[in-house]
Amino acid sequence: MSAVADAEMLTYLTDASLPVPGLSEPRVGDSVELRLLRGGREVEAWSTTGIRLGRLPPAEREALDGLLQGGALPLQGRISAVVPRPLLLGSGRIHIRVTPPAN
């Protein structure tokens, strides 16, 4: 589900967090930080205001290896799409475009 184009990577989140009452929901264009967890085995996305947005699937985490090896953490990205789902199926899917750090 990932695509690499022009040194950017398009990825998505699993287990996207439900919106927090009183806080704005994630929107297209919002900045995102990708943080390593569990010794680098998992990557979570957080808003720049400190709200957890969700976790990348394992295969997507592996696809980021090249960017993560550079050591510039957290990686930065932007929300490129928010795909709603029926509430009974959980929260919607958030797509993120990850940009490699500038050298």
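Calculation rules
Residues numbered from 1 in each chain as written. Predicted model: local features only at pLDDT ≥ 70, side-chain atom pairs only at ≥ 80, totals over all residues. Heavy atoms only, no water. Helix = DSSP H or I, 4+ residues; strand = E, 2+ residues; numbered from the N terminus. Buried < 20%, exposed > 50% of the residue type's maximum accessible area, 1.4 Å probe, protein only. Areas by Shrake-Rupley, 256 points an atom, 1.4 Å probe, with all protein chains shown as cover. Salt bridge = Lys/Arg side-chain N within 4 Å of Asp/Glu carboxyl O. Core = buried A, V, L, I, M, F, W, Y, C linked by side-chain atoms within 4.5 Å.

Would you mind showing me how to read the overall build of the protein here?
Looking only at helices and strands, one finds two helices and seven strands in the protein. In the protein, the order of α-helices and β-strands from amino to carboxyl end is β-β-β-β-β-α-α-β-β. Counting all 103 residues of the protein, 30% fall into the buried class. With the model as given, the accessible surface of the protein reaches about 6,300 Å², and the carbon-plus-sulfur share is 56%.

Looking at this structure, I do not really get the pattern of salt bridges. What am I missing?
Side chains that differ in charge, positive against negative, can pair when their charged atoms come close. What the rule picks out here adds up to four salt bridges. Among the ionic pairs, E42 bridges to R55, the shortest N-O distance being 3.6 Å. Of this pair, E42 sits in strand β4 (residues 42-47) while R55 is found in strand β5 (residues 52-55), placing the two residues 13 residues apart along the sequence. A relative accessible area of 25% places R55 in the partly exposed class. Where R52 meets E44, a salt bridge forms, and the shortest distance between an N and an O atom there is 2.8 Å.

Quick question: what am I supposed to make of the nonpolar core here?
Within soluble globular proteins, side chains that are nonpolar generally end up buried alongside one another. Counting residues in hydrophobic clusters, the biggest one holds 15 residues, and the most contacted among them are L34, L64, I96 and V98. Every element with two or more residues in this core is listed here: β3 (31-37), β4, β6 (75-83) and β7 (93-99). The dominant element in this core, judged by the number of residues it contributes, is β7, at three residues.

Coordinates in, geometry out; function isn't part of it.
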